[in-house]
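# Tertiary structure, described
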Amino acid sequence: MYQYDEIDQRIVDERVAQFRDQTRRFLAGELSEDDFRPLRLQNGLYIQRHAPMLRVAIPYGVLASYQLRKLAYIARTYDRGVGHFSTRQNIQFNWPALESVPEILAELATVQMHAIQTSGNCVRNTTTDHFAGVAADELIDPRIYCELIRQWSTFHPEFAFLPRKFKIAVNGALEDRAATWVHDIGLHAVRDDQGEVGFRVIVGGGLGRTPMVGVVVREFLPLAHLLTYLDAILRVYNRYGRRDNKHKARIKILVKAMTPERFQREVEAEWLSLKDGPATVVPEELARIAARMTRPAYATLPDAVPERLQQALEHDKAFRRWHERNVHAHQVAGYASVVLSLKATGSVPGDASADQMDAVAELADRYGFGEIRVSHEQNLILPDVRQADLHDLYRELKALGFATPNIGLLTNIISCPGGDFCSLANARSIPVAQAIQQRFDDLDRLYEIGPLDLNISGCMNACGHHHVGHIGILGVDKHGAEFYQITIGGNQAPARLGRVIGPSLGQEDIPDAIERLIEVYLEARLHEEERFVDVVERLGIEPFKAGVYASQEREVLYA
Amino acid sequence: MLELIRDRAIVRDTYHLRTDTLDGILPEEDVIVSPALLAAERARLDQHQGKLGVWLETSEGPEIIAADLARLDLVVVHFSSFTDGRGHSTARLLRERYGFRGELRAAGDVFKETLHYLSRCGFNAFALRPGESLTHALGGLDVFSEAYQTSVERQSPLFRRRLQNVASEENPL
Ligand code: SF4
């Protein structure tokens, strides 16, 4: 985690004071609702179905245990004892009172946290690989660059009022766990032939109403030019992005309308004037950020699998399963990263209670170096656990309900809050997720089905990333009733968008439909290694469509 | 005559806005014209003795007045909504790319909350929307004592200034 210096702290404190004043004036009737809306949104505050919703930034998904305790405290004191981890590595509180939000922000500031730009038409929280800095397949640790971007984007004077929201993701590993191809800007940290760090720059990806995979505008951008190049992209977008229709306002629409070639030329032309200017990154700054990043004091451990772990793997079948699914390879010998599943059957995907947060914070202190990660799959991660301790940790997690061995499997459902909370929703998503989890509760069956990403969004905004789920479920509104459209064949990395299999279905038909999809898959797969999404790729959607709709005896309502 | 904020002081606005025609203009009056009128009446405006300003909408980029900047005393950027960030880019371009040194005024939906960003983008004058207190709005310029990025107000980004601080602490001359 990056630790603030006096200036970082002052900027956040001044923001709290500013928002306190704005809220006071709004409540006193001195600021109109129209004025206050964009201002509160830039502090992560929505007015939702039941109450305001406050979204707190977790920069690139890294949390210290004392920060998680503070989140637990806030959940307990100002909310109903629950927080919801979102697909953007943030946390949302669904029940705070508007009057207490300045107080909450002040509490957050005491642990170097904030809600700055977690909403609104500005540059949002930068996201990255949840295993950044620890993944065995990592080429370059992206966290320093994420922090550089965080500072650059925080209160950027020119880009506070963009045509629409703007999301940046950075990846530095072999596997793209940051969904970089479906962000407004995706950055791949890479090295050139000389070993110098730079970025492949991808622009114009995104989900939502018009899902698109981004295009590469630069194969290699040297690190020194990162911020000036971002300035150039944002300036072209800020000036020429559409502002007349919010559904056509994202940068992906501009890139498409201009054509990627022309867009790229505009950016390069703009960049010529900014290049080598004062925003050029200097190595001293990278060193300064690196020095302020907490680094775990790893012990020197042997490379071999510890005896204790070996024993437990041999004798405890449930542990073996969990180890296979929820434990991720670490770059330091003798360590592993552990995913805590927030997706137990019957749970609300991404929800954690205050007590659970406290418990996780304690585990992070005892089994790691006091650090926790939030994944965009809405799970929590203990990044640095000694392999020899895995079995002990497993038993504790089991007692807490965090040891469901379903990471990468069908019930590790990504779901947005949907109609239960979100005022934009067409349909609820949580009950659908729960019904599917219940249907596929049998672990043996889950394992037989193998790797499968199932993502649910309550509306076109696609916060649940349904387009890139192997199976995607989208809430749609049909004459005021809740219906669901199913897509299959989506994939996060490499990014592919799912295809709609047919008319939308009612809520009670969804578990059956998923069941049919799985039957078709199991029937058709050539061997166990062939995943659901591979079969869709090989056979297309037709057999699946037939499977779902042929057996649909109920009346099907056509979209 | 209206009052506005210029260089952190509350002053009277001496300009008159003339959008369609220069008819009836006094030789010494300070005048703001539209880009179209500026183009159409170039010769006459060259002879004009009062100060000369031009009025841009946020949809109009600085390119359209680039050739005239040398003879302009004022550029007004009019925000029909404070959330239209195009005006922020216009201001930076005018200051940083075209080197405009005259008065750069934000008008329209301008109030206390918007001043901080506008000022960092290069606006030095603010004509507030009706009903806003100028004294109150002045406070909007001092909400933040620091900023990370390079801007018109502070060319050097925080990361360079941090370095200078370190250097001067280590090496007190
Ligand atoms: S996808 Fe729609 S329903 Fe779900 S959280 Fe986003 S806006 Fe709300």
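Residues numbered from 1 in each chain as written. Chains lettered and ligands numbered in written order. Predicted model: local features only at pLDDT ≥ 70, side-chain atom pairs only at ≥ 80, totals over all residues. Heavy atoms only, no water.

### Some details on the nonpolar core
Residues and elements named next belong to chain A. Formally: We call a set of buried residues a nonpolar core when its members are Ala, Val, Leu, Ile, Met, Phe, Trp, Tyr or Cys and they connect through side-chain atoms within 4.5 Å of each other. Buried, partly exposed and exposed residues are distinguished by accessible area as a fraction of the type maximum, computed with a 1.4 Å probe on protein chains only: under 20%, between the cut-offs, and over 50%, respectively. Numbering of helices and strands runs from the N terminus, with a helix taken as a DSSP run of H or I at least four residues long and a strand as a DSSP run of E at least two residues long. By the convention used here, residues are in contact when the closest approach between their heavy atoms is within 4.5 Å.
Membership of the largest hydrophobic core comes to 124 residues, with the highest contact counts inside it found for Leu 71, Ile 185, Val 201 and Phe 263. For this core, the element with the highest residue contribution is helix α6 (residues 226–240), accounting for nine residues. Excluding residues that lie within four positions of it along the chain, Ile 185 makes contacts with Phe 166, Lys 167, Ile 168, Ala 169, Val 201, Ile 202, Val 203, Leu 230, Ile 233 and Leu 234. Within the second largest apolar cluster, 35 residues are counted, among which are Ala 427, Leu 446, Ile 510 and Ile 514.

### A few points about the confidence of the model for chain B
We count it as follows: Values of pLDDT, which run from 0 to 100, indicate the predictor's confidence residue by residue.
Averaged over every residue, the pLDDT of chain B is 93; the share at 70 or more is 95%. In the predicted assembly, ipTM is 0.95 and pTM is 0.93.

### Things to note about the domain arrangement of chain A
Residues and elements named next belong to chain A. Our working definition: Note that domain bounds follow an automatic or database assignment of domains. Summed over both partners, buried area is the accessible surface (1.4 Å probe) that two parts give up on being assembled. Any Lys or Arg side-chain nitrogen found within 4 Å of a carboxyl oxygen on Asp or Glu counts as a salt bridge.
The assigned domain composition of chain A is domain 1 (1–119 + 321–406), domain 2 (127–291) and domain 3 (414–557). Here the C-alpha centre of domain 3 lies 31 Å away from the C-alpha centre of domain 2. Each side of the interface is counted separately: domain 2 has 12 residues, and domain 3 has 10 residues. Both faces considered, domain 2 and domain 3 share a buried interface measuring about 960 Å² in area, 70% of it formed by carbon and sulfur atoms. When the buried area of domain 2 at its contact with domain 3 is split by residue, Leu 207, Gly 208 and Arg 209 rank highest and sum to 42% of it. Our count for the domain 2 to domain 3 interface comes out at zero salt bridges.

### Some remarks on the packing of aromatic side chains
Residues and elements named next belong to chain A. For the record, the criterion: A pair of aromatic rings is counted whenever rings of Phe, Tyr or Trp (Trp by its six-membered ring) have centres within 6.5 Å, and the orientation is called stacked for planes under 30 degrees apart, edge-to-face for over 60 and tilted otherwise. Look at NZ for Lys and CZ for Arg. If either is within 6 Å of the ring centre and within 35 degrees of the ring normal, a charge sits over the ring.
Within this structure, the stated rule accounts for 20 aromatic pairs over all chains. Centroid distance Tyr 298 to Tyr 335: 4.9 Å. Interplanar angle 70°. Geometry classified as edge-to-face. Here the residue Tyr 298 occupies a position in the loop between α9 (283–292) and α10 (307–315), and Tyr 335 occupies one in strand β12 (residues 335–340), the gap between them amounting to 37 residues. Classification of Tyr 298 by relative accessible area gives partly exposed; the value is 27%. The ring of Trp 95 carries Arg 80 above its face, with NZ or CZ at 3.5 Å from the centroid. In this structure, Lys 275 packs its charged tip against the face of Trp 271, placed 5.5 Å from the ring centre.

### What about the sheet that holds strand β2 (residues 52–56) of chain A?
Strand pairs in the sheet, formed through backbone hydrogen bonds, run parallel or antiparallel to each other. All names here are of chain A. Heads up, the condition is: Pairing between strands requires that DSSP locate at least two bridges from one strand to the other. For helices, the axis comes from a line fit to the C-alpha atoms of the stretch in contact; other axes are also lines fit to C-alpha atoms, and the angle between any two N-to-C directions lies between 0 and 180 degrees.
The sheet built from five strands is open, its strands ordered β1-β2-β5-β4-β13 with antiparallel pairing. Whereas interior strands pair on both sides, the edge strands pair on one side only; in this sheet they are β1 (45–47) and β13 (351–353). For this sheet, the mean inter-axis angle between neighbouring strands, taken without regard to orientation, is 30°. Across the sheet, helix α3 (residues 65–78) lies against β2, β4 (82–85) and β5 (91–93), angled at about 15° from β5, the strand it touches most.

### Remarks on unusual backbone geometry
Most of the time, phi is negative for any residue but glycine, and the peptide bond is trans. Across the junction of Ala 493 of chain A and Pro 494 of chain A, the peptide omega takes the value -5°, indicating a cis bond. Mapped onto the elements, Pro 494 of chain A comes out in the loop between β19 (481–488) and β20 (499–500). Even without being a glycine, Ala 462 of chain A presents a positive backbone phi close to 65°. You can see Ala 462 of chain A is positioned in the loop between β17 (454–457) and β18 (471–478). Of the residues examined, Ala 462 of chain A reaches a relative accessible area of 4% and is grouped as buried. One non-glycine residue, Asp 7 of chain B, lies in positive phi territory at about 45°. By the secondary structure assignment, Asp 7 of chain B is in the loop between β1 (3–6) and β2 (9–12). For Asp 7 of chain B, a relative accessible area of 54% gives the class exposed.

### Here we look at the interface of chain B and chain A
Often the size quoted for an interface is simply the accessible area lost on bringing the parts together. This is how the line gets drawn: Pairs of N or O atoms within 3.5 Å make up the polar contacts considered here, provided that, within protein, one atom can donate a hydrogen while the other can accept it, and that residues adjacent in sequence are counted only when both atoms are side-chain atoms. All residues other than Ala, Val, Leu, Ile, Met, Phe, Trp, Tyr, Cys, Pro, Asp, Glu, Lys and Arg, Gly among them, are scored as polar; the first ten of these are nonpolar and the last four charged.
Contact with chain B, which involves 38 residues of that partner, is made by 49 residues of chain A. Roughly 3700 Å² of surface becomes buried between chain B and chain A when both sides are summed, with 56% attributable to carbon and sulfur atoms. Among the residues chain B hides against chain A, the three largest losses belong to Tyr 117, Tyr 148 and Arg 162 of chain B. Together they make up 19% of the total. Counting every contact that joins chain B to chain A gives nine salt bridges. Salt-bridge contacts for Asp 84 of chain B lead to Arg 243 of chain A; the nearest nitrogen and oxygen are separated by 3.5 Å. One can count 26 residue pairs in polar contact (both at pLDDT 80 or more) joining chain B with chain A. Secondary structure elements with two or more residues in the side of chain B that touches chain A: α3 (86–97), α4 (115–120) and α6 (158–170) of chain B. Here the side of chain B that touches chain A gets seven residues from one element, more than from any other, and that element is α3 of chain B. Looking at side-chain class alone, the side of chain B that touches chain A contains 14 nonpolar, 11 polar and 13 charged residues.

### Observations concerning the domain arrangement of chain B
Residue and element names in this part refer to chain B. Taken as a whole, chain B is organised into domain 1 (3–142) and domain 2 (147–173). Averaged C-alpha coordinates put domain 1 and domain 2 at centres separated by 31 Å. Contact residues are listed per partner, giving seven residues for domain 1 and six residues for domain 2. Both faces combined, the contact of domain 1 with domain 2 buries some 590 Å², and carbon together with sulfur accounts for 46% of it.

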